[in-house]
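Here's the letter readout for the chains.
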Amino acid sequence: MRKTQLILLFIVGAGVAAVAGTVAADRWSSWFGPQSVPPPPVAQPDLVIDPQYLDFGEVWETDEFEWSLPIQNQSHAPIRIARWINSCGCLSIEPAALDLRPGETATVKIRLDLTAKLHLNPDTVQPVVVGIDAVLGDGSRGPTWVIRGKVKTLLSSNPDLIFKQMPDVAQPYPAKQLSLDLVQSATNLTVESDSPHITAFIQPGNGQPQARVPIELRFAHSIPLGDHKFSLTVRGEFGSPRCAFSKRLNGILSVVPDVQPEPGAVVFPARRLGEEAEDVIALKSLTGATFRIESVTAEGDGLSATLTKAEPQITIRQRSAKLGQHVAHVKVVATSGGRVYQLTIPVTSLWIQPEP
């Protein structure tokens, strides 16, 4: 009997304790809010750039835009930035490596080609977003900083600098005139060419701001055959903050033999084995000079070339040799005005299985 009474007292006591605990918990919740595990402290970054330096505002288009980023080491240990990952298309990031003592701030200078990030649209201000990534001395990835800004297009139109099929016999070429149309008048304008074959000049504007900039291109007396890539760099200033700009314009000058095949290549569509493909190539002088075909040679299995002097033109025939795509050549030797021209016409053909 006594044992039964003790068990009943234990059960009642446990119930009272549970109720008391619930009441205490409710009172704690009403006084201090719901009980929860406090969140872990947020880790602060060791390397920090003040957000004001991550927005360069609104600037004119330029291919040599420079911007400074002060980086602070907020940790209690030295940090080394071993290198940068060039995810922003930066022309340069200097210094290439950086050591920062605890609490130290150092300035990194980046140089961007803003022109390469724009679509030609003179009526809008276009947003630009770039990023730079730091790799630390231990090989781990450091922070990524995103830099933003807005860029105003410099030109209302791009000048045509593609000079194709300039015949060799027409040298020296006469000067070419073109104009650079800026969206706003500028001063202190200069132009430079990186080509040994082309010299560029800006016609003087009497010191007045210019929106239409006349440019003259002068060519060397003798330029070898081939494609010659070049660029013009135009520099100037607008009458507004951050007004200096630099704009690079790319072009190509193609000096070719005066005697040319037309078209310059033959491409036969797919033929089945056992069939024959045929095409006709005309020969012409770009300057209208008289010329003579000395020889025509077909180089390739199943390839033949026949000259018709009266036109003049070449009939090219290709018979199947084996399955797959094949490239052969027709070589032509021509003379005109004491010059000898050796022309190569590529012939591409594709041969497939005949129908069963």
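Preceding block: the structure.
Quick caveat: nothing in here was measured; it's all calculated off a predicted structure. (Residues numbered from 1 in each chain as written. Predicted model: local features only at pLDDT ≥ 70, side-chain atom pairs only at ≥ 80, totals over all residues. Heavy atoms only, no water.)

Chemist: Honestly, the side chain of Thr115 in this entry has me stumped. Any pointers?
Modeler: Note on placement: Thr115 falls in the loop between strand S7 (105–112) and strand S8 (125–136). With residues near it in sequence (within four places) discarded, Thr115 still touches Glu61, Thr62, Asp63 and Lys247. (Helix = DSSP H or I, 4+ residues; strand = E, 2+ residues; numbered from the N terminus. Contact = heavy atoms within 4.5 Å.)

Chemist: I'm lost on the sheet that holds strand S5 (residues 90–94) in this one. Help?
Modeler: Think of a sheet as strands paired side by side through backbone hydrogen bonds, with each pair either parallel or antiparallel. Strands sit in the order S1-S3-S7-S5 across an open sheet of four strands; the sheet is antiparallel. Two strands in the sheet have a free side with no partner beyond their single neighbour: strand S1 (47–48) and S5. In terms of strand pairing, S1 meets strand S3 (residues 65–73) through two bridges, oriented antiparallel. Within S3, the position partnered with Val48 by the bridge is Gln72. (Pairing = 2+ DSSP bridges.)

Chemist: Quick question: what am I supposed to make of the pattern of salt bridges here?
Modeler: Opposite charge on two side chains allows them to pair when their charged atoms are near. All chains considered together, the criterion is met by 17 salt bridges. Two residues, Glu216 and Arg218, come together in a salt bridge whose shortest N-O distance is 2.5 Å. With a relative accessible area of 15%, Glu216 lands in the buried category. The class for Arg218 is partly exposed, based on a relative accessible area of 41%. The partner of Arg319 in a salt bridge is Glu276, with the nearest N and O atoms 3.1 Å apart. With a gap of 43 residues between them, Arg319 in strand S23 (residues 313–319) and Glu276 in strand S20 (residues 276–285) connect regions that are remote in the sequence. Judged by relative accessible area, Glu276 falls into the partly exposed class, the value being 33%. (Salt bridge = Lys/Arg side-chain N within 4 Å of Asp/Glu carboxyl O. Buried < 20%, exposed > 50% of the residue type's maximum accessible area, 1.4 Å probe, protein only.)

Chemist: Explain the packing of aromatic side chains to me, please; I cannot follow it from the model alone.
Modeler: The description of two aromatic rings rests on the distance between their centres and on the angle between their planes. Counting across every chain of the model gives eight aromatic pairs. Ring centres of Phe163 and Phe219 lie 6.2 Å apart, and the angle between their planes is 80°; this geometry places the pair in the edge-to-face category. With Phe163 in strand S11 (residues 162–167) and Phe219 in strand S14 (residues 210–219), this residue pair connects regions lying 56 residues apart in the sequence. For the pair Phe163 and Phe219, one class covers both residues: buried. Grouping aromatic residues by their ring pairs yields a cluster made of Phe163, Tyr173, Phe219 and Phe230. The ring of Trp60 has Lys152 sitting right over it, with the charged end atom 4.1 Å from the ring centre. (Phe/Tyr/Trp six-rings, centres within 6.5 Å; stacked < 30°, edge-to-face > 60°. Lys NZ or Arg CZ within 6 Å of the ring centre and 35° of its normal.)

Chemist: How should the pairing of strand S25 (residues 339–352) be read in this particular structure?
Modeler: Looking down a regular strand, the side chains alternate between one sheet face and the other. Sheet topology note: the strand S18 (residues 266–267)/S25 ladder contains two bridges and is parallel. Its bridge partner being in S25, Val267 is matched across the sheet by Thr348. Pairing analysis gives two bridges linking strand S19 (residues 271–272) to S25, with the strands arranged parallel. Paired with Arg272 across the bridge in S25 is Ile352. Pairing analysis gives 13 bridges linking strand S24 (residues 324–336) to S25, with the strands arranged antiparallel. Bridge pairing in S25 links His326 to Ser349. As consecutive antiparallel partners, S24 and S25 are separated by two residues, and within that stretch Gly337 has a phi angle of approximately 60°, a positive value.

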